[in-house]
Amino acid sequence: MNAPLPRLTQLSNCAGCAAKLRPDLLQKVLRGLASGPRPKDALVGFETSDDAAVYRLRPDLAVVETVDFFPPVLDDPYAYGQIAAANAMSDIWAMGAKALFALNLVAFPKELPTSMLRALLAGGASKAKEAGIPILGGHSVQSPEPKYGMAVTGVVHPKKVLTNAGGRAGDVLLLTKPIGTGIATTALKRGLASKALVRRVTAQMATLNQAAGEVFASGRFRVHALTDVTGFGLLGHGLEVALGGRLRAVVELERVPLLPEVAALAEQGVVPGGTKTNLAHASKKVRFPTGLPEAVKHVLADAQTNGGLLAAVPERDAPKALRALEARGVEAWLVGWLEAGRPGLTVR
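As a starting point, this report considers the structure included with it. (Residues numbered from 1 in each chain as written. Predicted model: local features only at pLDDT ≥ 70, side-chain atom pairs only at ≥ 80, totals over all residues. Heavy atoms only, no water.)

### Description of the overall build of the protein
Part 1: A count of helical and extended segments in the protein gives 11 helices and 13 strands.
Part 2: At 19 Å, the protein has a C-alpha radius of gyration in line with the 20 Å of a compact globule built from 348 residues.
Part 3: Once the C-alpha set of the protein is aligned to its principal axes, its extents read approximately 65 × 55 × 45 Å.
Part 4: A total of 348 residues make up the protein; the buried ones form 53% of that total.
Part 5: Taking as baseline every contact in the protein between residues at least 6 positions apart, the subset at least 24 positions apart corresponds to 86%.
Part 6: Total accessible area on the protein stands at roughly 15,900 Å², and carbon and sulfur atoms take up 55% of it.
Part 7: Of note, the protein has its 40 positive side-chain charges centred 3 Å away from the centre of its 29 negative side-chain charges. (Helix = DSSP H or I, 4+ residues; strand = E, 2+ residues; numbered from the N terminus. Rg over C-alpha atoms; globule rule 2.2 N^0.38 Å. Buried < 20%, exposed > 50% of the residue type's maximum accessible area, 1.4 Å probe, protein only. Contact = heavy atoms within 4.5 Å. Areas by Shrake-Rupley, 256 points an atom, 1.4 Å probe, with all protein chains shown as cover. Lys, Arg positive; Asp, Glu negative; His and termini not counted. Charge placed at Lys NZ, Arg CZ, Asp CG, Glu CD.)

Below you can see the structure in the form of structure tokens.
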């Protein structure tokens, strides 16, 4: 009798965007590795840890390039493919750009049946079709740990690029998805997540950020900064916005939307390693209320997979932005603001 096939999540050392290398390690490794003087047409690069690179081709056109891949976040290969593809494309919309096409990146164990690989790639293709872009090729390797993602190319007008570094004092912070996917998928991997939570987190991670990105890029209201909340959590990506604008970000705890069950799971210690690393790194520049439980801090630092967009918009434009998002079927929450002060983040 043949042995049962392993679950995909059993083959992964860490799941989804929690697999990212630690931000402090990345900073250390990348320091001094510049390949030469930065070209004047390179509009966005390493400097602010933004979501994608942007290179100006002509006065009215810039190319936007991003790449993202990660180990299985779910056991269903089709759903895993959908989520990985949606996550990779998100970085294009987080720059205010339009996606053009994608290339697949896949690492797959030779011991697993090709039907699983086909299902994985079909999941990615379904999300590319939904986004209205073709997959024009890719690259594959054998690996004991499955990994899947995409390199995605987009375009934007050079004067309409939305970065994570343009926030201004007085802006409010809008978030378009609840947080807690890292904790939820860790619970799934350990067999502790309810069926309702599995359905909810799967649907959320597979939801494209396209509609939200198009609203923020529409020009109907001002957007000073934009990013997506992924592997470094709300605290990490909120800090990037604050440090990029040399401002203080304030996040109001009671306003932050959470996935169901996540708070209770965090209290039980169901927390991915990447989330703990995020908290250790972010805590150097984050002020927490006295006595705030460690579990709450972990939720705020939780490594997200295809999390929502985080936008800094002028306070007076926030109602218009929320109405425009609602009209496209996007739920959003006002979770904080930016203010003058020592660069960093305060949780209240």
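### A look at helix H9 (residues 273–282)
Part 1: Turning to H9, its buried residues number three or more, namely Gly-274, Thr-275, Asn-278, Leu-279 and Ala-282. Viewed along the axis of H9, the buried residues span an arc of 140°, placing them on a single side of the element.
Part 2: The secondary structure elements touched by the buried residues of H9 are helix H7 (233–244), strand E10 (286–287) and helix H10 (294–300). (Arc of directions from axis to C-beta.)

### Here we look at the pairing of strand E8 (residues 225–228)
Note on strand geometry: in a regular strand, side chains alternate between the two faces of the sheet.
Part 1: Judged by which residues are buried, E8 turns out to be covered on both faces: Ala-225 and Thr-227 on one side and Leu-226 and Asp-228 on the other are all buried.
Part 2: Across four bridges, E8 lies against strand E11 (residues 309–314) in antiparallel orientation. Within the sheet, the bridge partner assigned to Asp-228 lies in E11 and is Leu-309. (Pairing = 2+ DSSP bridges.)

### Let's talk about helix H11 (residues 318–327)
Part 1: When H11 is considered as a whole, its buried residues turn out to be Ala-318, Ala-321, Ala-324 and Leu-325. Angularly, the buried residues of H11 cover 125° about the axis, an arc narrow enough to put them on a single face. Opposite the buried face of H11, at more than 90 degrees from it, the exposed residues are Arg-323, Glu-326 and Ala-327.
Part 2: Elements that come into contact with the buried residues of H11 comprise strand E7 (171–175), helix H6 (210–216), E11 and strand E12 (333–339).

### Here's the deal with the packing of aromatic side chains
Part 1: Using the criterion set out here, one finds two aromatic pairs in the structure.
Part 2: Relative to Tyr-80, the ring of Phe-70 lies with its centre 6.4 Å away and its plane at 35°, an arrangement referred to as tilted. Residue Phe-70 is found in strand E3 (residues 61–70), and its partner Tyr-80 is found in helix H2 (residues 77–93); the two are separated by 10 residues along the sequence.
Part 3: Accessibility expressed as a relative area gives 2% for Phe-70, which makes it buried. (Phe/Tyr/Trp six-rings, centres within 6.5 Å; stacked < 30°, edge-to-face > 60°.)

### Some words on the packing of H2 against helix H3 (residues 114–131)
Part 1: Contact geometry for H2 and H3: axes closest at 7 Å, N-to-C directions at 40°. Taken as axis vectors, H2 and H3 run oblique relative to one another. Considering how the two elements wind past one another, H2 and H3 form a crossing that is right-handed. For the pair formed by H2 and H3, the contact residues are Pro-77, Tyr-78, Tyr-80, Gly-81, Gln-82, Ala-85, Met-89 and Trp-93 on the first element and Met-116, Ala-119, Leu-120, Ala-122, Gly-123, Gly-124, Ser-126, Lys-127, Ala-128 and Ala-131 on the second.
Part 2: When the residues that make up the contact of H2 with H3 are grouped by side-chain class, the tally is 12 nonpolar, five polar and one charged. (Axes fitted to C-alpha atoms, helices over the stretch in contact; angles between N-to-C directions. Parallel < 35°, antiparallel > 145°, perpendicular 65-115°, else oblique. Left-handed = near helix turned anticlockwise from the far one by under 90°. Nonpolar A, V, L, I, M, F, W, Y, C, P; charged D, E, K, R; others polar.)

### Some thoughts on the side chain of Asp-68
Part 1: Topologically, Asp-68 is positioned in strand E3.
Part 2: A polar side-chain atom of Asp-68 sits 3.2 Å from a polar atom in the side chain of Asn-87.
Part 3: Those residues within four positions of Asp-68 in sequence are excluded, and the remaining contacts are Asn-87, Ala-88, Asp-91, Gly-149 and Met-150. (Polar contact = N/O pair within 3.5 Å; in protein donor to acceptor, adjacent residues only side chain to side chain.)

### A word on the environment of Gln-10
Part 1: As for its position among the elements, Gln-10 is in the segment before helix H1 (23–30).
Part 2: Between the C-alpha atoms of Gln-10 and Lys-189, which are 179 residues apart in sequence, the distance is 7.8 Å.

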